[in-house]
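The lines below spell out each chain.
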Amino acid sequence: MTTPFATPSAVPVPRAPAVLHLAPGRTVPGAIRLDGRLAILPAEALPDLSSHQPVALALDGSGVLHGTFVRDRADLQGVIDRRPTESANDLGGALRGVATAYLWRPAEGTVEILPDPWGTLVYRYREPGLDIFSSDLGAVVAAARAAGVTLRRSLEFVTEVAAAGSGGLTPASYEGVETLDVLEFVRVSDAGTEIRTYTAGAEVFEPFASYEEGLDATQAEIEENLRAAVSCGIPTPEQLAHLTGGLDTRLVLAASLSLGLTDQLRYLSMGPVSQPDRAIAERLAVEHGLRMTEWRGAHPRRRPSTITEQAAWPMDYSHGMVTTGPNIHFSASDTLVLSGGFGGFMKANYSSTLRDLDQGPSLAASGAMAEKLWGTMAYSPDAEVGLYTTDVRERRVRRLHELRMAAQGRGLSPDAALDFLFIQVRNRYFVSEITQVWNAFVHRFDPLYTLSGARLGLSLPAEVRRENVVGLDLMRRWAPDLMGFPFDRPKVSQGYQDLRGPVPPREFARPTARPLHDGRQVPPATGGRTDLPEMTPEMTERAKAMLAPLWQVRDLAPARAALRAVLDDLDAPVRDAVFNKARLQALLNHDLKHRGVIRQVHNLQAALQWLTSPSVTHRESHTVIHTPVSRTR
């Protein structure tokens with residue numbers, strides 16, 4: 001059996017189809033009419049559509065659905081065949097993981113696009129006589145082009161990426177492209193399009209009857225996720241779990257130990273051996289007899305030769321949505337990778353960062369929040385300090401304010417609304433989007449993806465949520481001894497211990513022993529940077545002092561040079577309408593003393609470079625030669 005995974009080629013293969021609603025008589029080359037004005041531009045050969053029962057058209061991503069781990073269209077069809085009468089609301093509302101299911105219901109003449117409830121991005125472009133949906137932005141761009149419309153890259157979006165590292169206040173990297181909100185799905189038929197909200201979404205904003213009920217429900221969801229993933233049929237050597245010095249991967253380890261699943265997994269820590277993150281992971285592996293690996297499932301076959309390529313490749317592959325991740329030069333494999341990203345839904349995020357600020361309903365309060373969240377150097381109202389012009393800053397702040405007020409309109413307290421905003425904006429546009437891109441190469445899944453955990457966390461007082469009570473209480477249930485071992489930085493606060501009792505620190509029994517290892521390594525890649533600056537002791541010390549990634553400090557000079565070239569390519573009136581000239585000059589020439597500002601240089605370079613590269617390129621074509629990846633069943 002095969003899957004349309006994107007293997008290294010000249011272009012990224014569309015991950016998902018585009019679903020179209022067309023005006024009568026309008027044709028789009030390559031599109032297949034399903035019913036009247038309903039058409040689909042497939043990313044792969046369509047299944048047999050002659051059945052009268054629901055048909056799985058595609059699965060973009062992977063996840064758990066009703067206790068089954070689904071990683072391709074065949075898996076999805078298997079679940080549908082067992083539940084042929086289940087509604088779109090119930091089916092999509094039960095999906096856990098970063099994934100979107102596409103269903104054709106011939107009896108109704110309807111295609112349903114069902115993203116996971118927490119909102120894998122589903123993109124929409126519409127104009128009179130043309131309405132396009134897909135979870136793959138590249139498929140939307142290609143479908144629009146096939147319909148005779150060339151979409152323009154969005155300066156608004158990429159400048160937001162430059163400040164925050166991801167979008168979300170602006171919906172997409174192409175002008176005129178919208179996205180569905182969290183908890184929404186769409187049905188398309190000859191009659192038109194209909195966007196609905198999962199009924200499961202209403203429950204998220206209703207507190208559980210008791211804390212214990214909520215903790216039980218969260219535990220049950222995570223355990224179902226983990227059991228389903230590990231029993232998916234992928235051989236043990238290809239079932240990997242990230243292990244770090246942080247809390248989320250240790251929480252997955254705790255659940256795996258409790259369920260007796262650790263022997264079926266290989267544990268992966270990707271940090272340098274010299275870093276605490278890797279050292280702690282290896283000590284945990286020794287302590288519990290875990291087998292580690294260097295194998296990652298997906299790995300680069302070719303490395304970029306310049307900083308320009310380094311910035312361009314992930315932006316090109318994600319169609320401008322994220323500045324990091326895999327690209328067309330990566331290999332793919334039928335590998336399960338248990339990774340993090342969703343444990344944060346159970347604790348405080350933005351509400352913790354902003355706890356000392358006014359959380360009232362004023363626009364000024366939202367402006368102060370933007371400055372705190374994304375940096376004074378980007379969102380300061382001071383024209384001598386902020387990166388953006390007053391108009392750009394005010395437009396972003398208004399959007400943040402709208403989202404904040406809408407979250408409170410769902411019945412959330414002001415502080416809980418801020419953490420919902422983290423789910424709705426930052427997590428969707430960074431964690432989920434990066435996971436979705438990786439899902440074209442491996443099956444990446446976080447067992448901590450739940451609705452119950454977020455529901456429980458959002459219902460707690462802010463001061464309790466800040467102590468990560470839900471996550472630590474779950475670890476206490478599964479493997480309490482793990483709580484006392486060192487983390488990369490303190491996770492079990494005095495506040496938590498005041499609530500739950502002391503957690504005595506523990507030392508690793510064999511601190512110098514080496515963990516078990518499966519012997520697999522990542523194969524070497526060809527190529528490599530030819531413009532790398534020479535590493536100096538000063539760079540190393542500077543990176544340590546700022547807690548910045550060493551490569552960002554090392555590459556600052558070439559990134560600045562590339563950014564200068566990109567800014568020269570921008571029309572001066574456009575550039576001056578967006579950016580504060582004085583701040584740009586400071587980024588290009590001053591001695592930068594904060595990691596956030598250095599990161600901003602790299603983000604600016606990547607985002608503006610993508611914006612100014614040709615808007616219609618071979619990378620956005622639907623015409624590819626594609627070699628599927630063999631799969632084991």
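Residues numbered from 1 in each chain as written. Predicted model: local features only at pLDDT ≥ 70, side-chain atom pairs only at ≥ 80, totals over all residues. Heavy atoms only, no water.

Engineer: Looking at this model, I keep getting lost on the overall build of the chain. Mind explaining?
Structural biologist: Helix and strand counts for the chain stand at 24 helices and 24 strands. Compactness check: the chain gives a C-alpha radius of gyration of 24 Å against a globular reference of 26 Å for 633 residues, within 12% of the reference. Its C-alpha atoms give the chain principal-axis dimensions of about 70 × 60 × 55 Å. Burial analysis of the chain (633 residues in total) assigns 59% to the buried set. Counting contacts in the chain only where the partners sit at least 6 residues apart, residues at least 24 apart contribute 73% of the total. (Helix = DSSP H or I, 4+ residues; strand = E, 2+ residues; numbered from the N terminus. Rg over C-alpha atoms; globule rule 2.2 N^0.38 Å. Buried < 20%, exposed > 50% of the residue type's maximum accessible area, 1.4 Å probe, protein only. Contact = heavy atoms within 4.5 Å.)

Engineer: I'm lost on the packing of aromatic side chains in this one. Help?
Structural biologist: Within a pair of aromatic rings, the relevant descriptors are the distance that separates the centres and the angle that separates the planes. Here the structure, examined in full by the defined rule, presents 15 aromatic pairs. Look at Phe485 and Phe508: their rings are 4.6 Å apart centre to centre, the planes differ by 5°, and that puts the pair in the stacked class. Of this pair, Phe485 sits in the loop between α17 (469–478) and α18 (494–500) while Phe508 sits in the loop between α18 and β22 (516–517), and the two are 23 residues apart along the sequence. Each of the two residues, Phe485 as well as Phe508, counts as buried. Ring-pair connections join several aromatic residues into one group, and the members of that group are Trp118, Phe342, Phe345 and Tyr449. The aromatic ring of Trp610 is capped on one face by Arg153, whose charged end is 4.1 Å from the ring centroid. Lying across the ring of Phe208, Arg455 places its NZ or CZ 3.9 Å from the centre. (Phe/Tyr/Trp six-rings, centres within 6.5 Å; stacked < 30°, edge-to-face > 60°. Lys NZ or Arg CZ within 6 Å of the ring centre and 35° of its normal.)

Engineer: Explanation requested: helix α11 (residues 363–374) in the structure shown.
Structural biologist: A turn of α-helix holds 3.6 residues, and therefore any two residues three or four places apart point the same way. Helix length check: α11 (12 residues) gives 16 Å between terminal C-alpha atoms against 16 Å at 1.5 Å per residue, within 8%. Buried residues along α11 sit in contact with α4 (155–164), α10 (350–353), α12 (376–379), α13 (390–409) and α14 (414–438). Following α11 by one or two positions, Gly375 adopts a phi angle in the positive range, close to 105°. (Expected span 1.5 Å × (residues − 1).)

Engineer: Can you walk me through the pattern of salt bridges in this structure?
Structural biologist: In a structure, side chains of opposite charge can pair up when their charged atoms sit close to one another. Tallied over the full model, the rule gives 41 salt bridges. Arg396 is paired through a salt bridge with Glu156; the nearest N and O atoms lie 3.5 Å apart. Residue Arg396 is located in helix α13, and its partner Glu156 is located in helix α4; the two are separated by 240 residues in the primary sequence. (Salt bridge = Lys/Arg side-chain N within 4 Å of Asp/Glu carboxyl O.)

Engineer: What exactly am I supposed to notice about the pairing of strand β11 (residues 123–127) here?
Structural biologist: In regular strands, side chains alternate between the two faces of the sheet. Here β11 runs beside strand β12 (residues 130–134); their pairing, made up of five bridges, is antiparallel. Across the sheet, the residue bridging to Arg126 is Asp131, located in β12. Between β11 and β12, which pair antiparallel and follow one another directly, the connecting turn spans two residues, one of which, Gly129, has a positive phi of 85°. The pairing of β11 with strand β13 (residues 177–179) spans three bridges and is classified as antiparallel. Each bridged residue has a counterpart across the sheet, and for Tyr125 the counterpart in β13 is Val177. (Pairing = 2+ DSSP bridges.)

Engineer: Got a minute to help me understand the sheet that holds strand β16 (residues 239–242) in this structure?
Structural biologist: Strands belonging to one sheet form pairs held by backbone hydrogen bonds; the direction of such a pair is parallel or antiparallel. Pairing within the open sheet is parallel, and its six strands lie in the order β21-β20-β16-β17-β18-β22. Across the chains shown, the open sheet's two edge strands, defined by having one partner strand only, are β21 (443–445) and β22. Looking at chain direction, strand β18 (residues 291–293) and β22 are connected through two bridges and run parallel. When the bridges of β22 are listed, Met292 appears paired with His517.

Engineer: Before we go on, may I ask you to explain the pairing of strand β15 (residues 192–197) in this structure?
Structural biologist: Pairing of strand β14 (residues 184–189) with β15, which is carried by six bridges, proceeds in the antiparallel orientation. Paired with Val188 across the two strands is Thr193, which belongs to β15. Taken together, β14 and the strand that follows it, β15, pair antiparallel across an intervening segment of two residues.

Engineer: Which parts of the structure should I look at to understand helix α21 (residues 556–569)?
Structural biologist: Over its 14 residues, α21 extends 20 Å from the first C-alpha to the last, a length consistent with the 20 Å expected when each residue adds 1.5 Å. Among the structural elements, α9 (307–317), α19 (537–546), α20 (550–554), α22 (572–578), α23 (581–589) and α24 (595–612) are those in contact with the buried residues of α21.

Engineer: How should the sheet that holds strand β5 (residues 55–61) be read in this particular structure?
Structural biologist: Taking strand neighbours across the sheet as the criterion, the five strands line up as β5-β9-β10-β14-β15 in an open arrangement whose pairing is antiparallel. Of all the strands in the sheet, the pair left with one neighbour each is β5 and β15. Direction aside, the axes of adjacent strands within the sheet are offset by 15° on average. (Axes fitted to C-alpha atoms, helices over the stretch in contact; angles between N-to-C directions.)

Engineer: Any chance you could explain the packing of α23 against α24 here in plain terms?
Structural biologist: Geometry of a packed helix pair, given as the angle between the helix axes and the separation of the axes. The N-to-C vectors of α23 and α24 enclose an angle of 100°; their axes lie 10 Å apart at closest approach. One finds that α23 runs roughly perpendicular with respect to α24. Two secondary-structure elements touch here, α23 through Arg583, Leu584 and Leu587 and α24 through Val597, Gln600, Val601 and Leu604. (Parallel < 35°, antiparallel > 145°, perpendicular 65-115°, else oblique.)

Engineer: Even after reading the chapter, I still don't get the confidence of the model for the chain, so can you show me in this structure?
Structural biologist: Residues shown with low pLDDT carry predicted positions that ought not to be read at fine detail. Of the residues in the chain, 95% have a pLDDT of 70 or more, and the chain-wide mean is 92. Counting interchain partners and residues more than four positions distant, the pLDDT-below-50 stretch residues 1–11 has 50 contacts. Throughout residues 616–633 the model reports pLDDT below 50, and contacts reaching past four residues in sequence, or to other chains, amount to 60 contacts. (pLDDT = per-residue confidence, 0-100.)

Engineer: Teacher, can you tell me more about the environment of Ala332 here?
Structural biologist: With respect to the secondary-structure elements, Ala332 resides in the loop between α9 and β20 (336–338). Note: C-alpha distance between Ala332 and Ala440 (108 residues apart in sequence) is 7.7 Å.

Engineer: What should I look at first to understand the packing of α9 against α24 in this one?
Structural biologist: Contact pair α9 / α24: the axes reach a minimum separation of 9 Å and the direction vectors enclose 70°. By the angle between their directions, the pair α9 and α24 is classed as roughly perpendicular. For the pair α9 and α24, the crossing hand works out as right-handed. Contacts from Ile307, Thr308, Ala311, Ala312, Met315 and Asp316 in α9 reach Gln605, Ala606, Ala607, Gln609 and Trp610 in α24. (Left-handed = near helix turned anticlockwise from the far one by under 90°.)

Engineer: I tried to follow the side chain of Gln609 on my own but got confused; where do I start?
Structural biologist: Residue position: Gln609 is located in helix α24. Residue Gln609 is classed as buried on the basis of its relative accessible area, which comes to 11%. Not counting residues up to four positions away in its chain, the partners in contact with Gln609 are Thr308, Ala311, Ala312, Val566 and Leu604.

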